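Notes for the structure review
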Amino acid sequence: MSAHCIRKSIVVALLCAMVLAIPLVMADETTESFAVYTDKDEYLLGEVVRIYVKANAIDPNQTITVTDIIVYDPANNTVAEWHNLTIVLTDTTTPVYVDSITAEVEGTYTVYAEATGCPWRLWFFWWFFCRRYWKPRVVPEVPLGTVIALVTLFGATGLYIHRNKRSKKTKIN
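Computed from a predicted model, the values in this text were never measured in an experiment.

Conventions used here
- Residues numbered from 1 in each chain as written.
- Predicted model: local features only at pLDDT ≥ 70, side-chain atom pairs only at ≥ 80, totals over all residues.
- Heavy atoms only, no water.
- Helix = DSSP H or I, 4+ residues; strand = E, 2+ residues; numbered from the N terminus.
- Buried < 20%, exposed > 50% of the residue type's maximum accessible area, 1.4 Å probe, protein only.
- Contact = heavy atoms within 4.5 Å.
- Areas by Shrake-Rupley, 256 points an atom, 1.4 Å probe, with all protein chains shown as cover.
- Phe/Tyr/Trp six-rings, centres within 6.5 Å; stacked < 30°, edge-to-face > 60°.
- Core = buried A, V, L, I, M, F, W, Y, C linked by side-chain atoms within 4.5 Å.
- pLDDT = per-residue confidence, 0-100.
- Pairing = 2+ DSSP bridges.
- Axes fitted to C-alpha atoms, helices over the stretch in contact; angles between N-to-C directions.
- Polar contact = N/O pair within 3.5 Å; in protein donor to acceptor, adjacent residues only side chain to side chain.

Each helix and strand in the protein was counted, giving 2 helices and 9 strands. When the helices and strands of the protein are placed in sequence order, the string is α-β-β-β-β-β-β-β-β-β-α. In the protein, buried positions account for 24% of the 173 residues. Pairs at least 24 residues apart make up 60% of the contacts formed inside the protein by residues separated by at least 6 positions. Summed over its atoms, the accessible surface of the protein is roughly 13,000 Å², and 62% of this surface lies on carbon and sulfur atoms.

Pasting the structure below:
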């Protein structure tokens with residue numbers, strides 16, 4: 001066998017391996033096996049944030065057990081923690097209520113969760129945003145240019161009327 005024939009065989013074998021590997025890679029791009037989420041994406045400060053977990057993809061006869069959930073505020077400080085949980089997710093239709101917190105700082109919060117399922121350790125992140133109830137009240141600026149323009153307009157109109165009256169009186173006399 002020649003060297004050229006061996007190179008062609010290697011190239012054909014690599015192409016076949018690539019063709020066989022592509023569907024496996026695409027099949028591996030599934031959604032996360034579980035999700036942590038809140039009832040809304042945006043909250044007002046002081047509003048109650050309810051946290052839920054739900055299985056997204058689960059193998060038959062398997063379960064996912066959520067063990068830890070931590071909520072971080074925008075400054076990356078821990079706001080709430082739940083450890084040593086045993087929230088067992090057995091299907092993809094039933095969400096489980098974990099607990100709630102009160103949003104006290106404006107910004108984006110991060111919810112981090114860990115779980116075990118099948119032979120792997122699983123984790124998931126969720127973000128939600130909090131904003132103020134009211135916008136800060138600002139003392140309005142004085143529209144000085146508008147006030148000056150109006151005073152000038154009325155002053156000029158008054159002088160014009162006064163001048164016309166005076167000139168009519170002088171013509172009569």
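Time to look at the packing of aromatic side chains. Taken as a whole, this structure holds 7 aromatic pairs when the rule is applied. Look at Phe125 and Trp127: their rings are 6.2 Å apart centre to centre, the planes differ by 20 degrees, and that puts the pair in the stacked class. The exposure class of Phe125 is partly exposed, given its relative accessible area of 37%. An aromatic cluster of at least three residues, connected via ring pairs, comprises Tyr37, Tyr52 and Tyr97.

Moving on: the nonpolar core. Across soluble globular proteins, nonpolar side chains show a tendency to be buried alongside one another. Membership of the largest hydrophobic core comes to 29 residues, with the highest contact counts inside it found for Phe34, Ile69 and Trp82. Where this core is concerned, the elements lending two or more residues are strand E1 (34-38), strand E3 (48-55), strand E4 (64-72), strand E5 (78-82), strand E6 (87-89), strand E7 (96-102), strand E8 (107-117) and strand E9 (120-131). Filtering out sequence-adjacent residues up to four positions away, Ile69 remains in contact with Val53, Ala80, Glu81, Trp82, Leu85, Val98, Val111, Tyr112 and Ala113.

What follows deals with the confidence of the model for the protein. The predicted model of the protein averages 77 in pLDDT, with 73% of residues at 70 or higher. This stretch, residues 23-30, has a pLDDT under 50; its non-local contacts, to residues over four places away or in other chains, come to 0 contacts.

What follows covers the sheet that holds E1. The strand order across the open sheet formed by 3 strands is E1-E3-E7, and the pairing between neighbours is antiparallel. At either end of the open sheet lies a strand with only one pairing partner, and these are E1 and E7. Across the sheet, the mean angle from the axis of one strand to that of its neighbour is 20 degrees, orientation sign disregarded.

Let us look at the pairing of E9. By the bridge criterion, 3 bridges tie strand E2 (residues 42-44) to E9 in an arrangement that is parallel. Bridged to Tyr43 within E9 is Cys130. The pairing of E8 with E9 spans 11 bridges and is antiparallel. From the neighbouring strand, Tyr109 faces E9, where its bridge partner is Phe128.

As for its position among the elements, Arg131 is in strand E9. In the structure, Arg131 is positioned 28 residues away from Ala103 in sequence and 9.0 Å away in space, judged by C-alpha atoms. Not counting the four nearest positions on each side in its chain, Arg131 is found in contact with Glu42, Tyr43, Leu44, Leu45 and Glu106. For Arg131, the side chain forms a polar contact with the side chain of Glu42, separated by 3.1 Å.

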